[in-house]
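Coordinate inspection notes
Chain by chain, the residues run as shown.
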Number of protein chains: 4
Amino acid sequence: MTSQAIEKRPGTGRIETFFDGVVAILITIMVLELKLPAEVFSQGRVDAVVAEFGPKLAVYALSFVVIAIMLLNHHMLMRPATHQTNALYWWTANLLFWMSLIPLSTAALGDAPREPLAVAFYGAVLTANSVSFTLLHRCAACLGDAEGRLDEFHRLTLKKDWFFTSLYAASIPLAFVSVYLSMAIFLVNPAAYFFPEFVPWPRSWRGPQRHMPELRRKG
Amino acid sequence: MTSQAIEKRPGTGRIETFFDGVVAILITIMVLELKLPAEVFSQGRVDAVVAEFGPKLAVYALSFVVIAIMLLNHHMLMRPATHQTNALYWWTANLLFWMSLIPLSTAALGDAPREPLAVAFYGAVLTANSVSFTLLHRCAACLGDAEGRLDEFHRLTLKKDWFFTSLYAASIPLAFVSVYLSMAIFLVNPAAYFFPEFVPWPRSWRGPQRHMPELRRKG
Amino acid sequence: MTSQAIEKRPGTGRIETFFDGVVAILITIMVLELKLPAEVFSQGRVDAVVAEFGPKLAVYALSFVVIAIMLLNHHMLMRPATHQTNALYWWTANLLFWMSLIPLSTAALGDAPREPLAVAFYGAVLTANSVSFTLLHRCAACLGDAEGRLDEFHRLTLKKDWFFTSLYAASIPLAFVSVYLSMAIFLVNPAAYFFPEFVPWPRSWRGPQRHMPELRRKG
Amino acid sequence: MTSQAIEKRPGTGRIETFFDGVVAILITIMVLELKLPAEVFSQGRVDAVVAEFGPKLAVYALSFVVIAIMLLNHHMLMRPATHQTNALYWWTANLLFWMSLIPLSTAALGDAPREPLAVAFYGAVLTANSVSFTLLHRCAACLGDAEGRLDEFHRLTLKKDWFFTSLYAASIPLAFVSVYLSMAIFLVNPAAYFFPEFVPWPRSWRGPQRHMPELRRKG
């Protein structure tokens, strides 16, 4: 297909802007759950502020980083997609639905950070997000494949997606063994996606991946 | 009219971005209505979480899908419009006003999912949305018609709009007969718009519609 | 100044998008004030819903229209501005500050629609908005004037701005005479701005204004 | 590096739009903290409205100006950055995290404007913001430096950033001496950034800075 024909089809711009907009709102409304009652300050004790505020702020920071990582990886994920289709739209909407539950699970975990059920609920929401993210990645990769734009890098990251989705899924039953096992998973998974180009596999694929951002961008 | 003359008039970009922005906010603030009290988790009973959370989540998911469908169909609807006019702006604002009541009716139905009055209220808000959507579609189609850009596809989808608007209107009185009749309509209508190109009529129009996304895009 | 030199300066795009984004949020968060308690529905009386909901919905609809009108007129207002300056940024921020108080005054008036003080407060917020809008219009007009882009139309609409700002200012003391006098002003003023090209003065200026949207658009 | 090669790398557009979106939401949700109970109006006493509303409105206005200044300076800060990198993304996300705490500290200070602990908390959040802003500025400047795009102006403003960050840091302990000392800093710092081109140092650098907006814009 010539580049002229590609230009005539609807681009992915409007769907990406919508995704960014919803993420911007989600990342911000979580902060509405954080409240500091005026009494905390009038008692004037710093330790009371820290005890009240500490766990909620930590969970908020974790969810903030998780959402920021999803946004950064979404930039990478959309690269093979050359144009908008109904399938791409609905997989994006599906991801946004599960992302929209993150503020809720964040508030639940912030209120009861050591309750196994709250930890499992947080893990379940993240698992649903990870599954939805992987399915959207696969849909974008298929579009790129039909155009001959899919490369080794996206094949490898799809395997990475499934591996870390399984890890999230494991955090649900593990919460009833020990909440700290689940929390370790909540820390390991974002770390693995902090740099989207990182894949925890040996080096045969390293060559093409290093130059990817320059070479495979949408025109 | 030459393409140069068209370029000189204000485009529909700013109005579409504004529409997307409001929709992104509406779709997200509905989730603020979903609250899970800390007690639910400390009691540690999964069935309590499900009983508390189930109906609200189901109604939220329905409204999420309804709004996502309106956004997807809005992309299709705006294709014939070649430039912004005051009429197009005000029909868009009118649609956004009625869309902004969806979070309210969602909260009402989530609180009282079996009350006929709450179901009728939800149906009334969706009917107003459907009427407003059809009127905006007609306004965009008129603009396209003046430019010679209106095609058979948009003439057919306008008839589809009026048909499903009537179905939504029927859900208001039917709620007082049985709330399940209204709920069936709430499921059928989104399904008919899930793929904007789908029209529940026989095939004489199918030919032009299939290639429409490629051929009728705004330059 | 040649068109090449103009292109090198920062455009007004980012500031306009920011304005649209804040307006999209403001217009949406007002709806968070509208609550329908579950009891209203379980009592099953339509008149209770209407009595509870009527005045709040009417005030919300009025504020929605006022903000939509400000957005539409902002599109027109920014036409003479050819590039971003610090002055333009700060007059825009000043307008957004006063616009951000509209949800607050809307909630106040919705709670107490017949209290002179609430009506006066609503009028005071709208007066501050109208003054800020006029000052931003003057700033954009000055930029256009330096570029030789200011036309008769913007000179006339600036006079219109000052006239209707005075009318809003009159609604503050008039609320203590009769709240209905102030409410009449709340209806007349938006009506005068519903079509930005409308100026309530005789026809000498009509010629240039009619073709303005085509001729004076930013390239 | 040729301009063609630069165009092939991902631009900073999507990250800037995301930043603007989050700022638009933050600046707006602060207003949700401002509530005027209906009783205030029915008592009909203007002084009660002012006493209830005055300090909260003043703190809100201060935070509004602080965020508006950060947005305006962010426009200037991003000029040397020629393309998006993971580092730039994460320094932006870090800044947004600390900015997202401003509504919280604003509500705290509005509730207890004379409590040293609330003032110190407000100062601590602004200090974290100032540090994050400076680090993002340094990251963007490094990118510009590698491209040979960094100029005297950005070297000078980085020094300015560190100076005023120290001043914010001083406001934390000073709150326990006198809250008015801290408040003076809260007023001086925004004033120094009101015009991004202003640097409180003697004139040797003035020449290049004055024409900077025209000369150093991204193409």
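Residues numbered from 1 in each chain as written. Chains lettered and ligands numbered in written order. Predicted model: local features only at pLDDT ≥ 70, side-chain atom pairs only at ≥ 80, totals over all residues.

Let's shift gears to the packing of helix 4 (residues 46–77) of chain D against helix 6 (residues 102–111) of chain D. Residues and elements named next belong to chain D. For the pair helix 4 and helix 6, interaxial distance at closest approach is 9 Å and the crossing angle is 155°. One finds that helix 4 runs roughly antiparallel with respect to helix 6. Here the hand of the crossing between helix 4 and helix 6 comes out right-handed. Across from Pro55, Lys56, Val59, Tyr60, Ser63 and Ile67 in helix 4, the residues of helix 6 making contact are Ile102, Thr106, Leu109 and Gly110. Partitioned by chemical class, the residues of the contact of helix 4 with helix 6 number six nonpolar, three polar and one charged. (Axes fitted to C-alpha atoms, helices over the stretch in contact; angles between N-to-C directions. Helix = DSSP H or I, 4+ residues; strand = E, 2+ residues; numbered from the N terminus. Parallel < 35°, antiparallel > 145°, perpendicular 65-115°, else oblique. Left-handed = near helix turned anticlockwise from the far one by under 90°. Contact = placed C-beta atoms within 7 Å. Nonpolar A, V, L, I, M, F, W, Y, C, P; charged D, E, K, R; others polar.)

What follows deals with the nonpolar core. The biggest cluster of nonpolar side chains holds 257 residues, and the ones touching the most others in it are A:Ile67, B:Ile67, C:Ile67 and D:Ile67. With residues near it in sequence (within four places) discarded, D:Ile67 still touches D:Val23, D:Leu26, D:Ile27, D:Met99 and D:Ile102. (Core = buried A, V, L, I, M, F, W, Y, C linked by C-beta atoms within 7 Å. Buried ≥ 20, exposed ≤ 12 C-beta atoms within 10 Å, placed from the backbone.)

Looking now at the relation of the copies chain A and chain B. Mapping between the two copies of the chain is achieved by a rotation about an axis and a shift along the axis. Superposition record for chain A on chain B: RMSD 0.0 Å, screw rotation 90°, translation along axis 0.0 Å. Classification of the inter-copy transformation places it as that of a four-fold axis. The share of interface residues of chain A whose copies in chain B are also at the interface is only 8%, consistent with the copies meeting through different surfaces. (Least-squares fit on C-alpha atoms with pLDDT ≥ 70 in both.)

Moving on, we get to the interface of chain A and chain B. Each partner contributes to the interface: chain A provides 25 residues, whereas chain B provides 23 residues. When residues of the side of chain A that touches chain B are traced back to their parent elements, those giving at least two are helix 2 (13–29), helix 5 (86–99), helix 6 (102–111) and helix 7 (116–146) of chain A. With eight residues, helix 2 of chain A is the largest single contributor of residues to the side of chain A that touches chain B. For the side of chain A that touches chain B, a count of residues per class yields 16 nonpolar, four polar and five charged.

Let us now look at the relation of the copies chain D and chain A. At an RMSD of 0.0 Å, chain D and chain A line up after a rotation of 90° and a shift of 0.0 Å along the axis. Interface residue correspondence from chain D to chain A reaches only 8%, placing this contact among heterologous pairings that use different surfaces.

Here the focus is the environment of C:Val49. With respect to the helices, strands and loops of the structure, C:Val49 is situated in helix 4 (residues 46–77). In the structure, C:Val49 is positioned 85 residues away from C:Thr134 in sequence and 40 Å away in space, judged by C-alpha atoms.

Moving on, we come to the interface of chain D and chain A. By convention, interface size is frequently given as the accessible area that disappears when the constituent parts associate. With 25 residues of chain D at the contact, the number on the chain A side is 23 residues. Contributions of two or more residues to the side of chain D that touches chain A are made by helix 2 (13–29), helix 5 (86–99), helix 6 and helix 7 (116–146) of chain D. In terms of residue count, the dominant contributor to the side of chain D that touches chain A is helix 2 of chain D (eight residues). Tallied by class, residues from the side of chain D that touches chain A come to 16 nonpolar, four polar and five charged.

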